[in-house]
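Spelled out from the first residue to the last, the chains are:
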Amino acid sequence: MNKPVLPVSSYQLKLPSANRSIETYRLAASRPFPAKLQGALNRVAFSAAHVVSDPLADVDPWLTAAVDWDKTIAFREHVWDLGLGVAEAMDTAQRGMGLDWPTSLQLIQRSVRAAKARGNALVFAGAGTDHLAPRDARSLDDVIRAYEEQIAAVEKADGRIILMASRALAKIGRNADDYAKVYDRILSQTAQPVIIHWLGDMFDPALANYWGTSNLDRAMDVAVGVVNANAAKVDGVKVSLLDKQREIDMRRRLDKNVRMYTGDDFNYAELIAGDEQGFSHALLGIFDAIAPAASYALSRLAAGDAQGFHDVLGPTVPLSRHIFKAPTRFYKTGIVFMAYLNGHQDHFTMVGGQESTRSTLHLAELFRLADQAGLLANPELATRRMKAVLALRGIEA
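Bear in mind the structure is a predicted one, so any value in this text is a computation, not a measurement.

Things to note about the overall build of the protein chain
- In terms of helices and strands, the protein chain carries 15 helices and 10 strands.
- In summary, the protein chain has a C-alpha radius of gyration of 21 Å against a globular reference of 21 Å for 397 residues, a match within 12%.
- In terms of principal-axis extent, the alpha carbons of the protein chain reach across some 60 × 50 × 45 Å.
- A burial count over the protein chain gives 56% of its 397 residues as buried.
- Total accessible area computed for the protein chain in this model is approximately 16300 Å², and 49% of it derives from carbon and sulfur atoms.
- Averaging the locations of the 45 positively and 45 negatively charged side chains of the protein chain gives two centres separated by 2 Å.

Some remarks on the packing of helix α2 (residues 101-117) against helix α3 (residues 140-156)
- In contact at an axis separation of 10 Å, α2 and α3 are set at 25 degrees when each is read in the N-to-C sense. The angle between the axes of α2 and α3 places the two elements in the roughly parallel class. Between α2 and α3 lies a crossing of right-handed hand. Within the contact between the two elements, α2 uses Trp-101, Leu-105 and Ile-108 and α3 uses Gln-150, Ala-153 and Val-154.

A word on the pairing of strand β10 (residues 281-284)
- Alternating positions in β10 separate into two faces, His-281 and Leu-283 on one and Ala-282 and Leu-284 on the other, with burial throughout.
- As defined by bridge partners, strand β3 (residues 45-48) adjoins β10 across three bridges and the pair is classed as parallel. Considered in β10, the bridge of Ala-45 is made with Ala-282.
- Across two bridges, the pairing between strand β9 (residues 259-262) and β10 is parallel. Its bridge partner lying in β10, Thr-262 is registered against Ala-282.
- The parallel pair β9 and β10, bridged by helix α8 (residues 268-273), forms a crossover whose chirality is right-handed.

A look at helix α7 (residues 244-253)
- Within α7 the residues assigned to the buried category are Glu-247, Ile-248, Met-250 and Arg-251. Each buried residue of α7 lies within a common arc of 165 degrees when the element is viewed along its axis, so the set occupies one face.
- The inward-facing, buried residues of α7 abut β7 (194-199), α6 (216-229), β8 (234-240), β9 and α8.
- Looking at where α7 begins, the residue whose side-chain oxygen comes 3.3 Å from the main-chain nitrogen of Gln-245 is Asp-243.

Things to note about the sheet that holds strand β4 (residues 85-88)
- Within the closed barrel, the eight strands sit side by side as β3-β4-β5-β6-β7-β8-β9-β10. Their pairing is parallel. Averaged over all pairs of adjacent strands, the angle between their axes in this sheet comes to 25 degrees, without regard to strand direction.
- Note: strand β6 (residues 160-163) against β7, two bridges, orientation parallel. Paired with Ile-162 across the two strands is Ile-195, which belongs to β7.
- Strand contacts of α2: β4 and β5 (123-127), with the helix running at about 165 degrees to β5, the strand carrying the most contacts.
- Running over the sheet, α6 touches β7 and β8 and is turned about 170 degrees from β7.

Comments concerning helix α14 (residues 360-372)
- The end-to-end C-alpha distance of α14 is 19 Å, a good match for the 18 Å that 13 residues give at a rise of 1.5 Å each.
- Every buried residue of α14 is listed here: His-362, Leu-363, Ala-364, Leu-366, Phe-367, Arg-368, Leu-369, Ala-370 and Asp-371.

Digging into the layout of surface pockets
- There is about 500 Å³ of room inside the largest pocket.
- In terms of lining residues, the largest pocket is bounded by 27 residues, among which Arg-95, Gly-96, Asp-130, Arg-167 and Asp-204 are the most central.
- For the lining of the largest pocket, a count of residues per class yields 13 nonpolar, six polar and eight charged.
- Estimated volume of the second largest pocket: approximately 330 Å³.
- Contributing to the lining of the second largest pocket are 23 residues, with His-78, Pro-292, Asn-342, Leu-375 and Ala-377 lying nearest its centre.
- Contributions of two or more residues to the lining of the second largest pocket are made by α1 (69-81), α9 (286-289), α10 (291-302) and α13 (331-341).
- Tallied by class, residues from the lining of the second largest pocket come to 15 nonpolar, five polar and three charged.

Describing the environment of Met-97
- Position of Met-97 relative to the elements: it lies in the loop between β4 and α2.
- When the C-alpha positions of Met-97 and Gly-352 are compared, they lie 6.7 Å apart, and in sequence the two are 255 residues distant.
- The residues touching Met-97, leaving out its near neighbours within four places in the chain, are Arg-329, Phe-330, Lys-332, Val-351 and Gln-354.

Observations regarding the pattern of salt bridges
- According to the stated counting rule, one finds 22 salt bridges in the structure shown.
- Glu-88 is paired through a salt bridge with Arg-76; the nearest N and O atoms lie 2.5 Å apart. Note that Glu-88 is positioned in strand β4 and Arg-76 in helix α1, a separation of 12 residues in sequence.
- With a relative accessible area of 0%, Glu-88 lands in the buried category.
- In this structure, Arg-300 engages Asp-305 in a salt bridge whose closest nitrogen and oxygen atoms are separated by 3.1 Å.
- A relative accessible area of 25% places Arg-300 in the partly exposed class.
- Exposure remark for Asp-305: the relative accessible area of 24% places this residue in the partly exposed category.
- Each of Glu-23, Glu-365 and Arg-368 takes part in salt bridges that share partners, so that together they form one network.

Analysis parameters
Residues numbered from 1 in each chain as written. Predicted model: local features only at pLDDT ≥ 70, side-chain atom pairs only at ≥ 80, totals over all residues. Heavy atoms only, no water. Helix = DSSP H or I, 4+ residues; strand = E, 2+ residues; numbered from the N terminus. Rg over C-alpha atoms; globule rule 2.2 N^0.38 Å. Buried < 20%, exposed > 50% of the residue type's maximum accessible area, 1.4 Å probe, protein only. Areas by Shrake-Rupley, 256 points an atom, 1.4 Å probe, with all protein chains shown as cover. Lys, Arg positive; Asp, Glu negative; His and termini not counted. Charge placed at Lys NZ, Arg CZ, Asp CG, Glu CD. Axes fitted to C-alpha atoms, helices over the stretch in contact; angles between N-to-C directions. Parallel < 35°, antiparallel > 145°, perpendicular 65-115°, else oblique. Left-handed = near helix turned anticlockwise from the far one by under 90°. Contact = heavy atoms within 4.5 Å. Pairing = 2+ DSSP bridges. Right-handed = clockwise from strand over helix to strand, strands pointing away. Arc of directions from axis to C-beta. Polar contact = N/O pair within 3.5 Å; in protein donor to acceptor, adjacent residues only side chain to side chain. Expected span 1.5 Å × (residues − 1). 1 Å grid on protein atoms, 1.4 Å probe; cavity = no way out; pocket = protein on both sides within 12 Å on 5 of 7 lines; lining within 4 Å. Points joined across faces, edges and corners; volume = space filled by probe spheres on them. Nonpolar A, V, L, I, M, F, W, Y, C, P; charged D, E, K, R; others polar. Salt bridge = Lys/Arg side-chain N within 4 Å of Asp/Glu carboxyl O.

The following block contains the structure:
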């Protein structure tokens, strides 16, 4: 595992460049990572997991989600093998961008059953209000009832809750009191402590002005107030603002019994490593794409090998920043493309037709960055599949 990475391999292909030229790109030598956790972890680490679509289903992809359940659950088994938890039915699973609530609930039920069959592998699941269209939300009570309905369904499936941000609440919540009313009411009823997810509007424009204000400093005051007032019912907070310092500031203000789960797909390596005042645990979409490297890096950190942690995880950050570049909500396309390149599914087709949201140039640069970080598990397969996608888009091998 620790041998130096050779500069090049025997695999090459033609990739488009930003200046519209086509270059011959030679891959770096592969860097294999263990397929199962080696050692232990000293951080709680979740991968928000994608769904695998069924490419042969006779549906209209923009209107109906068709899921390949066997491949979808197999990917979760891969994540659990690596010692990571699964954050189920979140935005990485295209919740609200192709995956509706009935299909999300079926996903949660199947995932919880699979986790229990492994001896209670770690899985938390998203509960929100996405079955309530924001235009149909007339009052805070409508939002509360929508949350209650989904929480009851997840708890009936014996699932743990990630309390997702609500588009309906973002539409009608006017101030701190409105948010406190909703969250206090919901948290008072949950069976077990939950993870609260603060998802920034770069991930979902419909969540602008969450916590009742466009000012992020005031929004953080509201969020910290709600969390600390309900600390006994909160396992942790996942912050997805792509703002390292705000996460650190919030982490230092949280009740000592409340975990911070980084959702910062730009700065996760240094936030997980932490400083003399603390560290973040992890709940990240990018861990779907880099799960073997993340697992190995975290095991090195737990073993006291901070340099080994950074040597593995640091090179993955440029890839993550590329996948999550604006418009950030389209990052799921890069996540699924990585799963295709690495053999976790046999096609590059997504629910909602979302495979079309990124350009050929974007996918070509993703391939380069994944290769340079040693993240292509089987370079021959990845090269062959990249060539097939490029040929479909008019670039022949």
